[in-house]
Amino acid sequence: MWNNFLWVVLPYLVLASFVFGHIFRYRYDHFTVTSKSSEMIEKKQLMVGSILFHVGIIFVVGGHFIGLVIPKTWTTSIGISEHMYHIVAVGIGSVFGIMAFAGMFLLTFRRLSNDRVRMTSSIMDIIVNLALLVTLFLGMASTLFANPANPGFDYRETISIWFRQLFVFQPDASLMATVPVFFQLHIICAFIIFALFPYTRLVHAWSVPLTYLKRSYIIYRR
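These numbers come from a predicted model, not from an experiment.

**Quick look at the overall build of the protein chain**
Helix and strand counts for the protein chain stand at 8 helices and 0 strands. Element order for the protein chain, N to C, with α for helix and β for strand: α-α-α-α-α-α-α-α. Across its three principal axes, the protein chain shows a C-alpha extent of roughly 65 × 40 × 35 Å. Here the contacts in the protein chain between residues at least 6 apart in sequence split such that 80% fall between residues at least 24 apart. On the protein chain, roughly 14,500 Å² of surface is accessible, and the fraction owed to carbon and sulfur atoms is 73%.

**Some words on the packing of helix 2 (residues 44-69) against helix 7 (residues 159-166)**
Orientation of helix 2 relative to helix 7, taken along the N-to-C sense of each, is 85°, at an axis distance of 8 Å. With respect to their mutual orientation, helix 2 and helix 7 come out roughly perpendicular. Listed contacts from helix 7 to Gly-67, Leu-68 and Val-69 of helix 2 are Ile-159, Ser-160, Phe-163 and Arg-164. Looking at side-chain class alone, the contact of helix 2 with helix 7 contains 4 nonpolar, 2 polar and 1 charged residues.

**Here we look at a nonpolar patch on the surface**
A cluster of nonpolar side chains, Met-47, Val-48, Ile-51, Val-55, Ile-58 and Phe-59, forms an exposed patch at the surface whose accessible area comes to about 540 Å². For Ile-58, the location among the structural elements is in helix 2.

**Describing the UniProt feature "transmembrane region" (unreviewed entry) in the protein chain**
The positions UniProt marks with the feature "transmembrane region" (unreviewed entry) are residues 6-25, 46-71, 83-107, 127-146 and 173-197. Measuring from the first to the last C-alpha atom of residues 46-71 gives 38 Å, for a span that is 92% helix and 0% strand. Taken end to end, residues 127-146 is 100% helix and 0% strand, and its first and last C-alpha atoms sit 26 Å apart.

**Remarks on unusual backbone geometry**
Phi at Phe-169 is positive, roughly 60°, even though this residue is not glycine. Relative to the elements of secondary structure, Phe-169 occurs in the loop between helix 7 and helix 8 (181-196).

**Focus: the layout of surface pockets**
Here the second largest pocket is characterised by a volume of approximately 170 Å³. Forming the walls of the second largest pocket are His-86, Val-90, Thr-143, Asn-147, Pro-148, Asn-150, Pro-151, Phe-153, Asp-154 and Tyr-155. Contributing elements (two or more residues each) for the lining of the second largest pocket: helix 4 (82-113) and helix 6 (123-149). Here the lining of the second largest pocket takes 3 residues from helix 6, the largest share from any one element.

**Overview of the nonpolar core**
Counting 18 residues, the largest nonpolar core has Trp-7, Ile-159, Trp-162, Met-176, Ile-187 and Phe-191 as the members making the most contacts within it. Elements represented by at least two residues in this core include exactly helix 1 (2-29), helix 7 and helix 8. Apart from the residues within four sequence positions on either side, Phe-191 is in contact with Leu-6, Trp-7, Leu-10, Pro-11, Val-14 and Trp-162. In this structure, Met-104, Leu-107, Leu-136 and Phe-197 belong to the second largest nonpolar core, which totals 15 residues.

**Some words on helix 6**
For helix 6, which comprises 27 residues, the first-to-last C-alpha distance of 37 Å matches the rise-based estimate of 39 Å (1.5 Å per residue) to within 8%. Where helix 6 bends most, the angle comes to about 40°, and this point is Ser-142.

**Looking at the pattern of salt bridges**
If charged atoms from side chains of opposite charge come close, those side chains can pair. Taken as a whole and judged by the stated rule, the model has 6 salt bridges. Of the charged contacts in the structure, one is a salt bridge between Lys-72 and Asp-154, with a shortest N-O distance of 2.7 Å. Placement of Lys-72 in helix 3 (residues 72-77) and of Asp-154 in the loop between helix 6 and helix 7 is noted, with a sequence separation of 82 residues between them. One salt bridge in this structure joins Arg-201 and Asp-125, with 3.0 Å as the shortest N-O distance. Note that Arg-201 is positioned in the segment after helix 8 and Asp-125 in helix 6, a separation of 76 residues in sequence.

**Things to note about the packing of aromatic side chains**
Within the structure shown, the criterion is met by 14 aromatic pairs. Taken together, a centroid distance of 5.8 Å and an interplanar angle of 65° make the contact between Phe-18 and Phe-194 edge-to-face. On the criterion of sequence distance, the pair formed by Phe-18 in helix 1 and Phe-194 in helix 8 is long-range, its members being 176 residues apart. Centre to centre, the rings of Phe-24 and Tyr-28 are 5.1 Å apart; their planes meet at 40°, and the pair counts as tilted. Of this pair, Phe-24 and Tyr-28 both sit in helix 1, separated by 4 residues, roughly a single helical turn.

Rules used in this analysis
Starting afresh in each chain, residues are numbered from 1 along the sequence in its written order. Totals for whole chains, interfaces and linings use all residues, but because this is a predicted model, local features are given only for residues with pLDDT of at least 70 and pairs of side-chain atoms are given and counted only at 80 or more. Heavy atoms throughout the structure, all of them, feed into the side-chain values; hydrogens and water do not. Helix and strand definitions here come from DSSP, where helices need a minimum of 4 consecutive H or I residues and strands a minimum of 2 consecutive E residues; each element is numbered from the N-terminal end. It only takes one pair of heavy atoms within 4.5 Å for two residues to be counted as in contact. All accessibility values rest on the Shrake-Rupley procedure with a 1.4 Å probe; residue burial counts only the protein chains present in the view. Here the axes come from fitting lines to C-alpha atoms, over the contacting stretch only for helices, and the angles between their N-to-C directions go from 0 to 180 degrees. Roughly parallel here means an angle under 35 degrees, roughly antiparallel means over 145, roughly perpendicular means 65 to 115, and every remaining angle is called oblique. The residue classification treats Ala, Val, Leu, Ile, Met, Phe, Trp, Tyr, Cys and Pro as nonpolar and Asp, Glu, Lys and Arg as charged. All others, Gly included, are polar. Residues enter patches when they are more than 30% accessible in relative terms and free of salt bridges; like-charged ones are connected within 9 Å and nonpolar ones (Val, Leu, Ile, Met, Phe, Trp, Tyr) within 5 Å. Salt bridges are defined by distance alone: a side-chain nitrogen of Lys or Arg within 4 Å of a carboxyl oxygen of Asp or Glu. UniProt positions are given in the numbering used here, feature names are shortened, and annotations may be inferred rather than shown by experiment. Note on definitions: the grid is 1 Å and covers protein atoms alone; a cavity is a set of points where a 1.4 Å probe fits but cannot get out; a pocket is an open set with protein on both sides within 12 Å along at least five of seven lines; lining residues have an atom within 4 Å of a point. Grid points are joined across faces, edges and corners, and a volume is the space filled by probe spheres set on the points. The definition of a nonpolar core used throughout is a set of buried Ala, Val, Leu, Ile, Met, Phe, Trp, Tyr and Cys residues joined through side-chain atoms within 4.5 Å. Throughout this description, buried means an accessible area under 20% of the type-specific maximum (1.4 Å probe, protein chains only), exposed means over 50%, and partly exposed covers the range between. To estimate how far a helix should extend, the number of its residues minus one is multiplied by 1.5 Å. Bend is the name given here to the angle between axes fitted to two runs of seven residues, the run ending at a residue and the run starting at it. Put simply, two rings from Phe, Tyr or Trp (the six-membered ring, in Trp's case) pair if the centres are within 6.5 Å, and we call them stacked under 30 degrees between planes, edge-to-face over 60, tilted for the rest.

Structure below.
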């Protein structure tokens, strides 16, 4: 029962929260879509942590997309062996995973240890920081410890297939039954983040100011 709930029911509950939460936020509360920067309170830790986290998470998300969405047969067909794929994935993924974790650790430490920053933080801000920190930690633990400890396990033959099945509404929960616990906890924590996404400052990810790349220069006068 729990296996079916976690890997069949829960993903669609999270998806519903993600979609309808964004619709509600945009229609009734879209002026609050902001990262609420606390740069004026403390700048050095914010700059270092923010750069490490954002650069790292971009590549981490990209790596997850490749690993979960692109089937093994596709990479094999273009001459990338499974051994080569895992070496590159683990090597590059570990570097950017550590970057993202270090950045989020610094941002979370700053938010909790700096009295002035903590005073400007909501409960949801702290929950999101901790959820991201735990999710990144579990992701690194899965890659560096759970994978070597389970040499017969291949996430591209279990998690990836289950993930793609979600989009055709035919998820097979049995594929997740033998997945190591670190991977399972990592996925559940990711579910929590996606479920909370529309109701937190994370929505500022959709407000990337791409128009700055094509706008005219601003002329300043003395």
